[in-house]
Structures are given as C-alpha cells and as structure tokens.
Amino acid sequence: MKLSRESEEFIANVRMYLMTSGKNEREIDEVAEELEDHLAELEHRGESVDRITGGSPKEYFASLEQEMDNDYAGWLKYVPAFLLAFAAFAAMGPAIRGMFSLNLLQLIGYPLVAVIVAVLYRNMFRKMAAGQWSNRKLFLAGGGLSMLSVFLFVGVLLASSLIMDPFYTAGRTGNLAVIVLSVVAFAAAAMMTGSWLLITIAVALFLPEWLILSMPFQEEAKMVASAFIPFIAVALVIAAHLFYERRKIDRA
Amino acid sequence: MTTSQMLKGVLEGCLLAIIGRGETYGYEMVEKLGEYGLTMVSEGSIYPVLLRMQKEGLVMTVMRPSPNGPKRKYYKLTQAGEEELEAFKKRWSVMAGAVGNLLEGSGKDEAVEGK
C-alpha cells in the first residue's frame, strides 16, 4: 500500500532525526518499518500521522531517541569518505585553473571549516526533521548555510594567501596529478557511501569549468562563465536528483 | 490528569498483558488497548516502550509479510516476559487496592481526625 506524502515525509524525518542522533542504522530501519506499517493501517481508516505523535513530532522523536542505542562507531565509517570528498572538492578547482598551491594556514583552516560546516549541517537537518519545516524555510536555511560555507572557504583561501607564501606550488604535472587524485578520491568516496550523487555533483561543478577554460574564448568571458555555469549545473543536478527520488517514492 | 497520561506509567504492563494473549503487532496492540477503553493521545508511544522491552529480553520479535505489503514485526513474550507480567499483576493489584481505599476514604483519614 502506498502512503500519503505527509506520511512519507514523517518517516523520512524520523530517519533523519535518528541518524543525526548517531543511532544504530539497523534499529532505525526497524522502527521506520514499524511506523510505516502503523501509518498504512491508520490511513486505511482515514486517520493521519497525528495519531502517532499526538501532535508533537518533536516530543515523539525525543522519546524514541531516548530508548535507542547510540552507534557512533557505525557512523564513523563515513568519516573517511567525508574527508576524501571534502579534500577533493577543495583541491580540484584550483588544480583545473592550474593554480594549485598549499600553505600552512590552509592545511589547518580547511579541516577546521569542514568540521564547522559538518556540525552546522547536522544541526540544521535535525531541527528540520523535528520541526516539519516548510519548503520556504528549508530553502532559506539551506541556502543561507551553503552561502556561509562558501564564505568560510573563500575566507580561508584569501586570508592564507595574503598572510603567507605557499610551501608547495604545483607545476603542470603537479596540477594534473592533483586532478587525477581528486577523481580517484571522488570515486572512492562514492563507493564508500554507496551514493552516486557525490560524483554527479563533482562532475557538474568541475567539468563545465574545465571545458570553459580549455576553449578559445577571451579571458574575461571565461571568468564570467566559469563563475556562474558550474553553480547552475550543480543546481540542475540536485533538482534532477530530488525529482527522481520523488518519482521513486510515488511509484513504490 | 488524563487517561492517556495515567496509561503512560503502566503502558509496559498493559503491553505485556496484550502480547501475553498471543503473538501480535504494533497497530493491533493499540486497537486491543482501545477495546478496553485504554486510548492514547500518541499511539506511537508504544514503540519506544516495545524497543526497551525487547532490549530487556521481555519480548522476542519475528518479521512476517503483512497483507499491506511491507514486512511486519510480530511480538511474543519470552519466559522473562511471562515472569514480569505476573510480577506486574501483583504490583498492580496492590496499587489498585491502595488507591481504591484512599479514594473511598475508608479508615485512616477519619481515624486521624477522630484522635
């Protein structure tokens, strides 16, 4: 039996909330399946998800959270994938532009920014799941947070290049090697997480830039195009992904 | 205090009793509780309790296909669950008796006033 969109969203929120609490994945699946079954019965009788939560998803999620085992070790397996993908995202852009270099401040600043950004996203997803956010609120919070992440990254990049000289500046071979390593890192991270979204985002972000830079346009046109087109491509990829996921739910 | 709030404190015992009558699953437990007049504001509150009971070894579970399609989790009592149910029944009858006496005002209060 197919559940209503409201119920599907409720189940997705339960999963999201419990995942961001570091709960055991198998237990999350079990609870989600039980709730799906319960919702199917309720809908069969014309009732809604409010019968389950008593009108307060936040309180209900907290009561589930309290009874479930933490499994931080289970989630630690995603840390290497996160670090690989993160390093590849940071390194690939400069390498494509033929400007890959490293200094000490970046080496400290980037991981720090990565941790801050990861914690902020986790908190946002958690609040989103418990608060049953509207699309508008989600868009504003998500957009604000991704802008903040970009600012932090650019901040580290600018500050570090103003303050100190790089200890490594890549030549032609060096840049090429960084590109190849980044591609390998993306592929490895995608395999570890079992998600191809990561790779499609990376392709959308970097392939247009690489194509634009290797075309015989004027420098200014290249700069303008490479500032906008990759972000439009990423937005399209994410939109297509969301559309595809929704269709998958509707068909099931 | 609403019935739903009072039920919270004894939900584990009531679930033990329901499961003790034969293998059953989440939604059906809520329905059976309802048949006895034990209704809940948030039906989902049985699941955290069932999780805890499962961890304490009071119930065991088995997955079976349901008419709805997805697999359904059925519960039944373990030996420890049967024992806990008996213990709960005893505690409950002491409690119910004591509260009943208090509400009917038999004895003690008047005895204190009389002194």
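Please read all numbers here as calculations on a predicted model, not as lab measurements.

What to know about the nonpolar core
If you look at the biggest cluster of nonpolar residues, it comprises 47 residues, and the most contacted ones within it are Phe10(A), Leu35(A), Leu15(B), Leu50(B) and Met53(B). When residues of this core are traced back to their parent elements, those giving at least two are α1 (5-20), α2 (25-44), α4 (57-67) and α7 (104-131) of chain A together with α1 (3-20), α2 (26-35), α3 (46-55) and β3 (71-77) of chain B. With residues up to four places along the chain from it excluded, the contact list for Met53(B) reads Glu12(B), Leu15(B), Leu16(B), Ile19(B), Leu58(B) and Val59(B).

Looking at the UniProt feature "transmembrane region" (unreviewed entry) in chain A
Residues and elements named next belong to chain A. In the UniProt entry, the feature "transmembrane region" (unreviewed entry) is given for residues 75-96, 108-125, 137-164, 170-189, 196-217 and 223-244. Secondary structure across residues 196-217 comprises 77% helix and 0% strand; the distance between its end C-alpha atoms is 32 Å. Taken as a whole, residues 223-244 contains 100% helix and 0% strand, while its terminal C-alpha atoms sit 32 Å from one another.

Focus: the interface of chain A and chain B
Facing the 24 residues of chain A at the interface are 23 residues of chain B. Contact between chain A and chain B buries roughly 2,100 Å² in total, counting both sides, with carbon and sulfur atoms accounting for 49%. When the buried area of chain A at its contact with chain B is split by residue, Glu34(A), His38(A) and Glu67(A) rank highest and sum to 30% of it. Joining chain A to chain B, the criterion identifies 9 salt bridges. Of the charged contacts in the structure, one is a salt bridge between Arg72(B) and Asp37(A), with a shortest N-O distance of 2.7 Å. Counting every contact that joins chain A to chain B gives 17 residue pairs in polar contact (both at pLDDT 80 or more). Sorting the residues of the side of chain A that touches chain B by element identifies α2, α3 (50-53) and α4 of chain A as the ones contributing at least two each.

Parameters at a glance
- Residues numbered from 1 in each chain as written.
- Chains lettered and ligands numbered in written order.
- Predicted model: local features only at pLDDT ≥ 70, side-chain atom pairs only at ≥ 80, totals over all residues.
- Heavy atoms only, no water.
- Core = buried A, V, L, I, M, F, W, Y, C linked by side-chain atoms within 4.5 Å.
- Buried < 20%, exposed > 50% of the residue type's maximum accessible area, 1.4 Å probe, protein only.
- Helix = DSSP H or I, 4+ residues; strand = E, 2+ residues; numbered from the N terminus.
- Contact = heavy atoms within 4.5 Å.
- UniProt positions renumbered as here; feature names shortened; annotations may be inferred.
- Buried area = accessible area lost by both parts, 1.4 Å probe.
- Salt bridge = Lys/Arg side-chain N within 4 Å of Asp/Glu carboxyl O.
- Polar contact = N/O pair within 3.5 Å; in protein donor to acceptor, adjacent residues only side chain to side chain.

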